[in-house]
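# A closer look at the structure
Next come the chains, spelled out residue by residue.
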Amino acid sequence: MKPKIVVVYHSGNGHTEKQAIAVAKGANAELMKATSPDWEKLNAADAIIFGSPTYMGSASAPFKKFMDDSSKIWFAQQWKDKIAGGFTNGAGMSGDKLSTLIQFAVFAGQHGMIWASAGFSPGDRFGGGLGKMAQSIDAPADDDNPPKIDLANAENYGKRVAEITIKFKIR
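Definitions and cut-offs
Residues numbered from 1 in each chain as written. Predicted model: local features only at pLDDT ≥ 70, side-chain atom pairs only at ≥ 80, totals over all residues. Heavy atoms only, no water. Helix = DSSP H or I, 4+ residues; strand = E, 2+ residues; numbered from the N terminus. Rg over C-alpha atoms; globule rule 2.2 N^0.38 Å. Buried < 20%, exposed > 50% of the residue type's maximum accessible area, 1.4 Å probe, protein only. Contact = heavy atoms within 4.5 Å. Areas by Shrake-Rupley, 256 points an atom, 1.4 Å probe, with all protein chains shown as cover. Phe/Tyr/Trp six-rings, centres within 6.5 Å; stacked < 30°, edge-to-face > 60°. Arc of directions from axis to C-beta. Axes fitted to C-alpha atoms, helices over the stretch in contact; angles between N-to-C directions. Parallel < 35°, antiparallel > 145°, perpendicular 65-115°, else oblique. Nonpolar A, V, L, I, M, F, W, Y, C, P; charged D, E, K, R; others polar.

### Some details on the overall build of the protein
In terms of helices and strands, the protein carries six helices and seven strands. Helices and strands appear in the protein in the N-to-C order β-α-β-α-β-β-α-α-β-α-β-β-α. By the compact-globule yardstick of 16 Å for 171 residues, the protein fits well, its C-alpha radius of gyration being 14 Å. Counting only C-alpha atoms and orienting by the principal axes, one finds that the protein spans roughly 40 × 30 × 20 Å. Each of the 171 residues in the protein was classed as buried or not, and the buried ones make up 49%. Sequence-distant contacts, at least 24 apart, represent 77% of the contacts inside the protein between residues at least 6 apart. Carbon and sulfur atoms provide 57% of the accessible area of the protein, an area that totals close to 8100 Å².

### Section: the packing of aromatic side chains
Counted according to the given criterion, the structure contains 13 aromatic pairs. Their ring planes at 75° and their centres at 6.1 Å tell us that Phe50 and Phe63 sit as a pair that is edge-to-face. Placement of the pair is Phe50 in strand S3 (residues 47-55) and Phe63 in helix H3 (residues 61-69), with a sequence separation of 13 residues. A relative accessible area of 0% means that Phe50 is categorised as buried. Aromatic side chains Phe50 and Phe104 sit 6.1 Å apart centroid to centroid with 50° between the ring planes, which places their arrangement in the tilted category. Of this pair, Phe50 sits in strand S3 while Phe104 sits in helix H5 (residues 97-110), and the two are 54 residues apart along the sequence. In terms of burial, Phe50 and Phe104 fall into one category: buried. The rings of Trp39, Phe50, Phe63, Phe66, Trp79, Phe104 and Phe107 are connected pair by pair, giving a single aromatic cluster.

### As for H3
Residues of H3 that are buried: Phe63, Phe66 and Met67. Axial view of H3: buried residues confined to an arc of 100°, hence all on one face. Opposite the packed face of H3, turned more than 90 degrees from it, sit the exposed residues Ala61 and Lys65. Of the surrounding elements, those touching the buried residues of H3 are strand S1 (5-9), helix H2 (39-44), S3, strand S4 (58-59), helix H4 (71-76) and H5.

### Things to note about the packing of H3 against H5
H5 packs onto H3 with a crossing angle of 10° between their chain directions and a minimal axis gap of 11 Å. By the angle between their directions, the pair H3 and H5 is classed as roughly parallel. For the pair H3 and H5, contact is made by Phe63, Lys64, Phe66 and Met67 and by Gln103, Phe104 and Phe107, respectively. Of the residues in the contact of H3 with H5, the class split is five nonpolar, one polar and one charged.

Set out below in structure tokens:
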């Protein structure tokens with residue numbers, strides 16, 4: 001049985017959207033913008049993968065609003081035992097992207113979700129085990145921005161989340 005997976009993301013300049021598309025391709029998932037969430041689809045999903053650019057060491061304000069708006073779902077524990085994962089994009093090589101992934105993992109933990117680590121992909125420039133990171137220069141998204149290797153790693157992460165969801169799906 002194919003798991004229902006949703007990639008919910010915010011993208012300020014198109015870089016994180018390209019990463020979201022790659023994750024969704026790997027997971028065979030539906031894309032959803034954090035600025036217009038479909039709570040029913042999210043509640044029905046087996047897994048939710050969160051994505052946002054890292055701005056000032058944190059998820060973007062529109063994504064944080066999505067997180068805050070999920071409080072009624074938290075209260076009803078509607079995401080308990082769903083698989084969760086995350087990815088982020090930023091201009092700096094570090095850019096404090098790890099803090100955004102930690103923010104996502106804590107958010108998932110608040111909801112009682114089960115976090116899917118990244119594992120490691122060949123050629124992963126960042127080597128983060130918590131989720132996937134990409135680096136984009138402050139220029140419009142194009143064929144090389146973010147780099148193809150980062151998008152390939154994002155796609156591999158989507159596959160990993162799908163595999164974990166199939167193995168550990170609690171329904």
